[in-house]
Amino acid sequence: MSTVTPTTPVRPRSEAVSFTAAKLPRFAPALVAVVAIAAAALPVLFMGAGAITWAVLAGIVYLVALPLWARAVEGSRGATDRLVTGLVWAACAVAIVPLVSLLWTVVDRGLPAINTTFLTFSMYRTDLDQEVGIYHALIGTLLITLFAALISVPIGIMAAIYLIEYGKGNRLARWITFLVDVMTGIPSIVAGLFAFALFILLFGPSTRMGFGGSVALSLLMIPIVVRSTEEMLRLVPDELREASYALGVPKWRTIVKVVLPTALGGIVTGVTLSIARVVGETAPLLLIAGLTTRTNFNVFAERMTTLPVLIFTQNANPGIAETPGGIRPGIEIAWGGALVLIVIVMLLNIVARTIGAIFAPKTGH
Amino acid sequence: MAKSITVDDLDIYYGDFLAVQGVSMTVKARSVTAFIGPSGCGKSTFLRSLNRMHEVIPGARVEGKVMVDGQSLYDSAVDPVAVRRQIGMVFQRPNPFPTMSIYDNVLAGNRLNSKKMKKAEADDIVERSLKGANLWNEVKDRLGKPGMGLSGGQQQRLCIARAIAVEPQVLLMDEPCSALDPISTSAIEDLIHELKSEYTIVIVTHNMQQAARVSDETGFFNLKAAGQPGHLVEFNSTQKMFANPDNEATEAYISGRFG
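None of these values were measured; they are calculated from a predicted model.

**Things to note about the overall build of chain A**
1) Next: Check the secondary structure of chain A and you find 13 helices and zero strands.
2) Next: When the elements of chain A are put in sequence order from the N terminus, they spell out α-α-α-α-α-α-α-α-α-α-α-α-α.
3) Next: Against the compact-globule benchmark of 21 Å for 365 residues, chain A has a radius of gyration of 30 Å, which places it well outside the compact range.
4) Next: Along the longest, intermediate and shortest principal axes, the C-alpha atoms of chain A span 115 × 75 × 45 Å.
5) Next: Here chain A, with 365 residues, has 33% of them falling under the buried criterion.
6) Next: Long-range pairs, those at least 24 residues apart, make up 71% of the contacts in chain A with a sequence separation of at least 6.

What follows is the structure in structure tokens.
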């Protein structure tokens, strides 16, 4: 017979709960980074490896050493944290390094080419001693892109309004969405061939005009505008639409006065991105807008050159350097043109951000 | 200017799903009518069918009759936009237009319908509506500031000001105080008392004390069972409803012995 010993429920004496844990010193990442760079310098010194090998090696040493140290001091959660933080930083660096390098190269090589003559003279000359510039291509780029935007922004925004406000998942809307997605993948040369064929059928075999280029570019722009506008309109809460309906405002007025202004910042950003996407197109414009050395202000007649086309042709036929072994003139013009193009896109982005900030819904205070 | 609403055997659908079945009642002019009942029983759905906001949701439709002063709301010749101009609505969550200032929010109903008016007239409407909504003293010095910068309770009163600025005949309120603190709630209840003299007010609420405080008549909605359509259990004067209801289910719900 077993006796039941009366056990008083005694809680095990709780150990003092500690909220502090061992932690690496604040300077640990910096210290490991310095050591990693130094350690990776050894093979560079002894085996003559390049700077890229050095950077990659240093990165690997850092990603191994810091988590190991953290594991010893902080435990496995600390080690994982250090490892993933390191990986995220590395991914960021991998993404940014080519960009910075490209920008640096373009600024470095393009800047010497740029001066007032370069920006205000065309390539047209009657004498070999005359100065040349990219004015004709600058005007061409601005006009062709402007007309492409004039075509695609209204069509794109209105298509998105149909999809979100009226279509709401019906069969037609689903088909349009599908076709827009397919259009995003059209190779630009196909868009160029389409515009080329269209204008040749309409106006005869030797037709070349800037507007044809605008049509080709708008084919590339429309899907981007539709997609981005669609996303922005989707973000407008239904409560705002209902508030407007409840005031007795018709649907179309609700869209124009409430939905579009609320989404305007995002729509403007989407339009700018689409412009930035097409402003650098070369292939479609080579076909239908043609090549010229003169400045042409009329998009509906005669050939027009844009900056990307100019860069392409100058690079293909750079001419002969003045001094043997010097920079060939076409190459310098191409770098200068590339820099101007980047500056145009950058200015556009700044303008778009300003517009977006002005029209963004205000929170007050 | 206030009008009465007569509802006769109204069925409300979402697509094929019957959400509310067989509601008949008369909402008196210049009085406050409250709807109470558990969540999902169709109070808000019914409220939205009174100014044709229900059909904004794709696939939603109603069968039956809603008469406002002898006119059927669901006649094929009736323009839902015209209906909503006469029957305004305040929503559960305050929803001022984020792109507009306080001033423009109040005038939104007029401006969005591109009514031409002089500055003095517009100022007058803004002041009258904001005073009507008990908000004037708090915002009169910052009318140009965004409406989103106000507190939740102030935003809701701004929405009420916006709704009464178009001078509707009827004001529908869908749980207007459920997102507000007691002080803002009390401000809005006082406001409902004042508005009663000019407007017909229908309010949906989960707060039974609120229904008892503000309303003249009360309707109790309930579900027969989960998945069944909601229906109107009892419609009576508020006093009778809370003191001596006709229906046992109503008494059980009001006294908290629900089930």
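**Some remarks on the overall build of chain B**
1) Next: What chain B contains, in helices and strands, is 10 helices and 10 strands.
2) Next: Here chain B has a C-alpha radius of gyration of 18 Å; the compact-globule value for 259 residues is 18 Å, and the two agree.
3) Next: Of the contacts made within chain B by residues no fewer than 6 positions apart, 68% connect residues no fewer than 24 positions apart.

**Remarks on the packing of helix α5 (residues 135-167) of chain A against helix α6 (residues 171-184) of chain A**
Residues and elements named next belong to chain A.
1) Next: For the pair α5 and α6, interaxial distance at closest approach is 10 Å and the crossing angle is 145 degrees. Between α5 and α6 the crossing geometry is left-handed. Residues Ala-159, Leu-163 and Gly-167 of α5 pack against Leu-172, Ala-173, Ile-176 and Thr-177 of α6.
2) Next: Across the contact of α5 with α6, the residue classes tally to five nonpolar, two polar and no charged.

**A look at the UniProt feature "transmembrane region" (unreviewed entry) in chain A**
All names here are of chain A.
1) Next: Per the UniProt record, "transmembrane region" (unreviewed entry) is annotated on residues 27-46, 52-71, 83-107, 134-164, 176-203, 209-226, 258-279 and 333-352.
2) Next: Counted over residues 52-71, helix gives 100% and strand 0%. Its end C-alpha atoms are 29 Å apart.
3) Next: Between the C-alpha atoms that bound residues 83-107 there is a distance of 36 Å. The span itself is 100% helix and 0% strand.

**Examining the confidence of the model for chain B**
1) Next: In this model, chain B carries a mean pLDDT of 88, and residues with pLDDT of at least 70 account for 99%.
2) Next: Confidence estimates for the predicted assembly give a pTM of 0.81 and an ipTM of 0.87.

**Side note on the UniProt feature "domain: ABC transmembrane type-1" (unreviewed entry) in chain A**
1) Next: According to UniProt, the "domain: ABC transmembrane type-1" (unreviewed entry) feature falls on residues 138-352 of chain A.
2) Next: The span residues 138-352 of chain A is 76% helical and 0% strand by assignment, and the distance between its end C-alpha atoms comes to 20 Å.

**Looking at the interface of chain B and chain A**
1) Next: Residue-level contacts link 25 residues of chain B with 22 residues of chain A.
2) Next: The set of elements that each furnish at least two residues to the side of chain B that touches chain A consists of α2 (80-86), β6 (87-90) and α3 (102-112) of chain B.
3) Next: Counted by class, the side of chain B that touches chain A contains 13 nonpolar, seven polar and five charged residues.

**Digging into the UniProt feature "domain: ABC transporter" (unreviewed entry) in chain B**
1) Next: UniProt's entry tags residues 5-248 of chain B with the feature "domain: ABC transporter" (unreviewed entry), counted in the numbering of this structure.
2) Next: Taken as a whole, residues 5-248 of chain B contains 35% helix and 27% strand, while its terminal C-alpha atoms sit 27 Å from one another.

**Examining the nonpolar core**
1) Next: Among the nonpolar cores identified, the biggest contains 139 residues, and Ala161(B), Leu171(B), Leu172(B), Ile201(B), Val202(B) and Ile203(B) are the most heavily contacted of them.
2) Next: With residues near it in sequence (within four places) discarded, Val202(B) still touches Val27(B), Thr33(B), Leu47(B), Leu50(B), Val170(B), Leu172(B) and Met173(B).
3) Next: Counting residues in each nonpolar core, the second largest holds seven residues, with Val32(A), Ala36(A), Ala58(A) and Leu66(A) among its members.

**Quick notes on the pairing of strand β2 (residues 17-27) of chain B**
Residues and elements named next belong to chain B.
1) Next: Note: strand β1 (residues 5-14) against β2, seven bridges, orientation antiparallel. Within the sheet, the bridge partner assigned to Tyr-13 lies in β2 and is Leu-18.
2) Next: The turn linking β1 back onto β2 is made up of two residues, and Gly-15 within it adopts a positive phi angle of 65 degrees.

**Description of helix α3 (residues 76-110) of chain A**
Residue pairs spaced three or four apart in an α-helix point in one direction, given the helix's 3.6 residues per turn.
Residue and element names in this part refer to chain A.
1) Next: The end-to-end C-alpha separation of α3 is 51 Å, in line with the 51 Å expected for 35 residues at 1.5 Å each.
2) Next: Bending of α3 peaks at approximately 25 degrees at the position of Ile-96, with proline Pro-98 no more than four residues after it.
3) Next: The buried fraction of α3 is low, at three of 35 residues.
4) Next: If you follow the buried residues of α3, they end up packed against α2 (51-74) and α13 (329-359).

**Digging into helix α6 (residues 152-165) of chain B**
All names here are of chain B.
1) Next: In a regular helix each residue adds 1.5 Å, so 14 residues correspond to 20 Å; α6 covers 20 Å between its end C-alpha atoms and thus fits that length.
2) Next: In terms of residue burial, α6 counts as a mostly covered element, since 13 of its 14 residues are buried.
3) Next: Where α6 ends, the next residue or the one after it, Glu-167, has phi of about 50 degrees, a positive value.

What counts as what
- Residues numbered from 1 in each chain as written.
- Chains lettered and ligands numbered in written order.
- Predicted model: local features only at pLDDT ≥ 70, side-chain atom pairs only at ≥ 80, totals over all residues.
- Helix = DSSP H or I, 4+ residues; strand = E, 2+ residues; numbered from the N terminus.
- Rg over C-alpha atoms; globule rule 2.2 N^0.38 Å.
- Buried ≥ 20, exposed ≤ 12 C-beta atoms within 10 Å, placed from the backbone.
- Contact = placed C-beta atoms within 7 Å.
- Axes fitted to C-alpha atoms, helices over the stretch in contact; angles between N-to-C directions.
- Left-handed = near helix turned anticlockwise from the far one by under 90°.
- Nonpolar A, V, L, I, M, F, W, Y, C, P; charged D, E, K, R; others polar.
- UniProt positions renumbered as here; feature names shortened; annotations may be inferred.
- pLDDT = per-residue confidence, 0-100.
- Core = buried A, V, L, I, M, F, W, Y, C linked by C-beta atoms within 7 Å.
- Pairing = 2+ DSSP bridges.
- Expected span 1.5 Å × (residues − 1).
- Bend = angle between axes of the 7 residues up to and from the residue.

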